[in-house]
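Next come the chains, spelled out residue by residue.
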Amino acid sequence: MYNEKVIDHFQNPRNAGEMFDPSGVGEVGNMKCGDIMKIFIKVENDRIEDISFLTFGCGAAIASSSMLTELVKGKTLDEAMKITNMDVANHLGGLPEAKLHCSNLAADALHKAIEDYRSKVQ
Ligand code: FES
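Quick caveat: nothing in here was measured; it's all calculated off a predicted structure.

Caption draft 1: Spotlight on the packing of helix 1 (residues 4-11) against helix 2 (residues 59-72). Contact geometry of helix 1 with helix 2 gives a least axis separation of 8 Å together with a crossing angle of 85°. Of the possible angle classes, the one that applies to helix 1 and helix 2 is roughly perpendicular. Mapping the contact onto sequence places Lys5, Val6, His9 and Phe10 in helix 1 and Gly59, Ile62, Ala63, Ser66, Met67 and Glu70 in helix 2. Its residues assigned to classes, the contact of helix 1 with helix 2 comprises 5 nonpolar, 3 polar and 2 charged.

Below, the structure written as structure tokens:
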């Protein structure tokens, strides 16, 4: 059901784990499947210097979190806000239709983490 890239990110997730003293945290869940994703970001000079995740969910959700962290590391907050779930799914080489909501979680959790950071510094 999953392509090789998705399986690789699922089996060898990049940047997995909780972050000590993050600048912002975003947490989202999906009511239907019950999966939960938490994204931690460390921001310096308006850039995402570091990012990590904790995901309790399916393989696609874990692969999406992992890919997301690779995609946004080093990006400015404005650039990161433009990342969509389709960007995440496309970089994974595509996800099955029924699993597209899993990549949604990743984009939404990232955006929430950025909003959390911005609400603290304003
Ligand atoms: Fe819900 Fe994957 S099945 S996040």
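Caption draft 2: Looking closely at unusual backbone geometry. The phi torsion at Asn15 lies on the positive side, around 60°, for a residue other than glycine. Residue classification places Asn15 among the partly exposed positions, given a relative accessible area of 24%.

Caption draft 3: Inspection of the environment of Gly34 at higher detail. Its location among the elements puts Gly34 in the loop between strand 1 (24-29) and strand 2 (36-44). Its relative accessible area of 49% is what places Gly34 among the partly exposed residues. Separated by 22 residues in the primary sequence, Gly34 and Phe56 place their C-alpha atoms 8.8 Å from one another.

Caption draft 4: Spatial organisation of the environment of Thr69. Here Thr69 lies in helix 2. Considering only alpha carbons, one finds Thr69 and Phe53, 16 residues apart in sequence, at a separation of 7.9 Å. What Thr69 contacts, discounting residues up to four positions off in sequence, is Arg14, Asn15, Ile51, Ser52 and Phe53.

Caption draft 5: Region of the structure containing the sheet that holds strand 2. Strand order in the open sheet made by the 3 strands is 1-2-3, with antiparallel pairing throughout. The open sheet terminates on both sides in strands that have one partner only, identified here as strand 1 and strand 3 (47-56). Neighbour to neighbour, the strand axes of the sheet diverge by 15° on average, direction disregarded. Here strand 1 runs beside strand 2; their pairing, made up of 6 bridges, is antiparallel. Each bridged residue has a counterpart across the sheet, and for Glu27 the counterpart in strand 2 is Lys38. Contacting strand 2 and strand 3, helix 2 crosses the sheet at an angle of about 175° to strand 3. Along the sheet, helix 5 (residues 100-121) makes contact with strand 1, strand 2 and strand 3, crossing strand 1 at roughly 145°.

What counts, and where the lines are drawn
- Residues numbered from 1 in each chain as written.
- Predicted model: local features only at pLDDT ≥ 70, side-chain atom pairs only at ≥ 80, totals over all residues.
- Heavy atoms only, no water.
- Axes fitted to C-alpha atoms, helices over the stretch in contact; angles between N-to-C directions.
- Helix = DSSP H or I, 4+ residues; strand = E, 2+ residues; numbered from the N terminus.
- Parallel < 35°, antiparallel > 145°, perpendicular 65-115°, else oblique.
- Contact = heavy atoms within 4.5 Å.
- Nonpolar A, V, L, I, M, F, W, Y, C, P; charged D, E, K, R; others polar.
- Buried < 20%, exposed > 50% of the residue type's maximum accessible area, 1.4 Å probe, protein only.
- Pairing = 2+ DSSP bridges.

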